Amino acid sequence: MDVNIIALGAGIAIGVSALGSAIGQGLAASAAAGAVAEDESLYVKELTFAVLPETQAIYGFIIAMILIAFAFGLITL
Amino acid sequence: MFIPKQLYEVVLIIPQKYTDKLLLSLGNEKIVQFKEFDERFHQIPSVDFPEIRTNEAVKALMKLDHIIDKLKISEGKPAKASKTPINEANELVDKIEIRYNKIEKSINENQSVFDELDLSVEFLKSIKKIKLKEENLFFLIETEDSVWNDLLKKIKKDNISFSMLKRRISGDKVLRLISIKQTNETKLSKLLNSFKIHSHKGTIKDIEAQIKTVLDSIREKIRTSKRQLEHLPKKYADEIYSLREQIQLELTIMENKRKFLYSEFTSLLNLWITKNDFKKFKECVKKVTNNNFVIYNQYPKIKDNPPTKLSNSLIFKPFEMLLQGFSLPGYRDIDPTFIIALFFPLFFGIMLSDVGYGLLLLILSLFLLVKKKSFKDFAQMLIICAIATIAIGFYFGSWFGFTFIEPQLNPLKKPIELIIISLGIGVFYVNLSLIIGLVQSLIKKDWNFLLHEILIWLIFEFGIIFLIYPKLFRGYTTLPLHIIFIIGPIIVRIFSKGILNILDFSKFFSTMISFVRISALAMSTTWISFAINLIYRLVKQFPKGIYIGIAVLIVGHLFNFAFNTFGSFLQAMRLHYVEFLGQFYQGKGHAMNLFSLEKKYTL
């Protein structure tokens, strides 16, 4: 398979997932900041909530890595 | 280590006269939590505790807090204890308020005079361009319009010829520079005195000099007052913080005394104490009451909702703060601190995975441990994480992204192996959490939780394993076990939680897959380090590029270290809170609030 296409796929995987993750994280973090302003004891819990949407970016990164590994022959079908 | 400390519920009867002495003694020991009497004790006839001065203490405390806030008083050194802290606090606050207001009033008054004179100087400067008869005499006055009108009538009556320049400064206040012949000086001076109007007279230069001298003196007065104001918080800090602490302790004693029952001569106390401290407690009571006491102790009952006091060895203790940040385990729950203490550094270490970054973190956490006593637990936790990072960094062969020794596992060359290892950790860790949940449910005999939150996942997992490896049970049974094991839990879930909760089965696998973040973070640390080192190699080829290259190395690696340390910590924390504790942890505990009369600001 064309390496260029695979590289493009890897880029889209990480790019789109990071975009979605960033939007989600922005929403969660702003809500968390509001909650922490009300009650400081919620800091640790809210911090965890704020990083929850990062998962999608991580999955995107892993898919990109698998695609790159595939392109360079580190794994085969 | 695996469960919170065992507690006793204690009922103690002592002669009332020893109550205060016992409270002081227990307050220093910090071993008990007093509890309210429940319905079992309601039939005991009791009298009210006579001396309750809570309102006065709270008012005094509020006054102290107000003055601390107003003067921004920072913590002082320990001061001598007072016999009547509430009265002394009230007197001291009043004294400080009077002193403060006096200085503030003096500053405001001087400042307003200063501002007005400053305007006069400005006025004089602005008229410098106008040609004035230098042989004339000038009077600078500040009057209101109504006063000026009366004065003008008198001036006209006395036939004093004059010319005048004026500027309105505020409302009806006007600055006037009156120019007259030298011969009229006495007449005008008399008139101004009769109207009690203060004036500066002479040539323009004289007036300017006079005002500047006054301005300097006022400026000095303001400075002195401000110095006095700055000195005020330092002067009273020790006394204020000591009185505040004494009142707080008095309130703590009062609040706890309210929890006791009293007869005419005895006090009845109900409290929680750890089994380990019980002997010490008994000795303390014996000593205070001269062996005049009746004591009864028993293990807590489920309905009593006993508090939780975690019990972990020194190495695991720092990780209690991670659990406390989430929520405490119930009294009868398993305390997972020891597991978190084992796996949190492991996850963190794999995610940061660099000997250099590990060493940096070790230095920073040692510095934190020595310099900030309040961060002791956090620093100790970071030290353990730093050691794990160094060890795993050796395995990955990464020293600030450079490779000096052939690595056992290079994330750049073998990313897929790393992803598989992370997934393996995920499968193991989620199953470990289910096993802990299983043991906990069996201990607590919580059959509902056991079936709906633990067993269905374990059975479902078996179903999946049988589906993938049907040879495992071939020859033992002809039943389609893989179908039963998969369909069974789904049916149970639908009937117990509703049709929408069928989605939980995909969530169960995503929980395991979520652990691939360990490999993602490890790769991102390594890749960024690699990129920084690549830029360095490119830049150093240019003339004098070595200097820019070194700057790139320092800034780049510091950024990567800070960014990925924070990221690794958060992700390791998330894996524990969401993926691990989320499987079994109920966290309905409440902390044991030990009765303490510890003094920090009082000798």
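Residues numbered from 1 in each chain as written. Chains lettered and ligands numbered in written order. Predicted model: local features only at pLDDT ≥ 70, side-chain atom pairs only at ≥ 80, totals over all residues.

A tally of regular secondary structure across chain B gives 17 helices and nine strands. Relative to a compact globule of 603 residues, whose C-alpha radius of gyration would be 25 Å, chain B shows 40 Å and is clearly more extended. In terms of principal-axis extent, the alpha carbons of chain B reach across some 135 × 90 × 50 Å. The burial tally for chain B puts 29% of its 603 residues in the buried class. Sequence-distant contacts, at least 24 apart, represent 80% of the contacts inside chain B between residues at least 6 apart. (Helix = DSSP H or I, 4+ residues; strand = E, 2+ residues; numbered from the N terminus. Rg over C-alpha atoms; globule rule 2.2 N^0.38 Å. Buried ≥ 20, exposed ≤ 12 C-beta atoms within 10 Å, placed from the backbone. Contact = placed C-beta atoms within 7 Å.)

What follows concerns the overall build of chain A. For chain A, the helix and strand inventory stands at three helices and zero strands. When the helices and strands of chain A are placed in sequence order, the string is α-α-α. Expected size for 77 residues packed as a compact globule is a radius of gyration near 11 Å; at 17 Å, chain A overshoots this value by more than 25%. When its C-alpha atoms are laid out on the principal axes, chain A stretches across 55 × 20 × 10 Å. Residue burial in chain A is summarised as follows: out of 77 residues, 26% are buried. Contacts in chain A between residues far apart in sequence, at least 24 positions, make up 74% of those at least 6 positions apart.

With that out of the way, let us pick up the interface of chain B and chain A. Counting residues at the interface gives 15 residues for chain B and 14 residues for chain A. If you tally residues by element for the side of chain B that touches chain A, the top one is helix 17 (residues 545-584) of chain B, at five residues. Split by residue class, the side of chain B that touches chain A holds eleven nonpolar, two polar and two charged. (Nonpolar A, V, L, I, M, F, W, Y, C, P; charged D, E, K, R; others polar.)

Here we come to the domain arrangement of chain B. What the domain assignment lists for chain B is domain 1 (1-49 + 258-310 + 592-603), domain 2 (108-220) and domain 3 (334-353 + 416-584). For domain 2 of chain B versus domain 3 of chain B, the separation of C-alpha centres amounts to 84 Å. (Domains from an automatic or database assignment.)

Before going further, it helps to examine the packing of helix 12 (residues 415-444) of chain B against helix 16 (residues 517-539) of chain B. Residue and element names in this part refer to chain B. Across the interface, helix 12 lies against helix 16 with an axial gap of 7 Å and an inter-helix angle of 145 degrees. Contact with helix 12, carried on its side by Pro 415, Leu 418, Ile 419, Ile 421, Ser 422 and Ile 425, involves Ile 518, Ser 519, Ala 522 and Met 523 of helix 16 and no other residues of that element. Split into classes, the residues belonging to the contact of helix 12 with helix 16 amount to eight nonpolar, two polar and no charged. (Axes fitted to C-alpha atoms, helices over the stretch in contact; angles between N-to-C directions.)

Moving on, we get to the sheet that holds strand 3 (residues 137-144) of chain B. Residues and elements named next belong to chain B. Read across the sheet, four strands follow the order 4-5-3-6 without closing on themselves; strand pairing throughout is antiparallel. Either end of the sheet is taken by a strand with one partner, and the two such strands are strand 4 (162-170) and strand 6 (199-202). For this sheet the average axis-to-axis angle between neighbouring strands, irrespective of direction, equals 15 degrees. Bridge count between strand 4 and strand 5 (residues 173-180): eight bridges; the pairing is antiparallel. Residue Lys 166 lies in a different strand from strand 5, and its bridge partner there is Arg 176. Seen against the sheet, helix 6 (residues 204-257) touches strand 3 and strand 6 and runs at an angle of roughly 140 degrees to strand 6. (Pairing = 2+ DSSP bridges.)

We now examine unusual backbone geometry. Residues and elements named next belong to chain B. Positive phi outside glycine occurs at Asn 305, with the angle close to 50 degrees. Mapped onto the elements, Asn 305 comes out in the loop between strand 9 (294-298) and helix 8 (320-326). Using a count of 13 C-beta atoms within 10 Å as the deciding quantity, one classes Asn 305 as partly exposed. One non-glycine residue, Lys 544, adopts positive backbone phi at about 55 degrees.

Quick look at the environment of B:Ile130 now. Counting through the fold element by element, B:Ile130 comes out in the loop between helix 3 (85-126) and strand 3. Along the sequence, B:Ile130 and B:Ile86 sit 44 residues apart, while their C-alpha atoms lie 67 Å from each other.

As a further point, take the nonpolar core. Among the nonpolar cores identified, the biggest contains 67 residues, and B:Phe344, B:Phe347, B:Met351 and B:Ile518 are the most heavily contacted of them. Listed in part, the 18 residues of the second largest apolar core include B:Leu7, B:Leu269, B:Leu271 and B:Phe281. (Core = buried A, V, L, I, M, F, W, Y, C linked by C-beta atoms within 7 Å.)

So, on to helix 1 (residues 3-38) of chain A. Along an α-helix, residues three or four positions apart point the same way, because every turn accommodates 3.6 residues. Residues and elements named next belong to chain A. Taking 1.5 Å per residue, 36 residues should reach 52 Å; helix 1 reaches 52 Å between its end C-alpha atoms and fits that length. Those residues of helix 1 lying buried are Ala 10, Ala 13, Ile 14, Ser 17, Ser 21, Gln 25 and Ala 32. On its buried face, helix 1 sits against helix 2 (43-51) and helix 3 (54-71). (Expected span 1.5 Å × (residues − 1).)

What follows deals with the packing of helix 2 of chain A against helix 17 of chain B. Remark: helix 2 of chain A packs on helix 17 of chain B, axes separated minimally by 10 Å, with the N-to-C direction vectors making an angle of 100 degrees. It follows that helix 2 of chain A is roughly perpendicular to helix 17 of chain B by the angle criterion. Contacts from A:Leu47, A:Thr48 and A:Val51 of helix 2 of chain A reach helix 17 of chain B at B:Leu570, B:Met573, B:Arg574, B:Tyr577 and B:Val578. (Parallel < 35°, antiparallel > 145°, perpendicular 65-115°, else oblique.)

Across nine bridges, the pairing between strand 1 (residues 7-15) of chain B and strand 8 (residues 266-274) of chain B is antiparallel. Each bridged residue has a counterpart across the sheet, and for B:Val10 the counterpart in strand 8 of chain B is B:Leu271.

Here we come to the confidence of the model for chain A. For chain A, the average pLDDT comes to 86, and 94% of its residues sit at 70 or higher. Ranking the helices and strands of chain A by mean pLDDT puts helix 1 of chain A first, with 92, and helix 2 of chain A last, with 81. (pLDDT = per-residue confidence, 0-100.)

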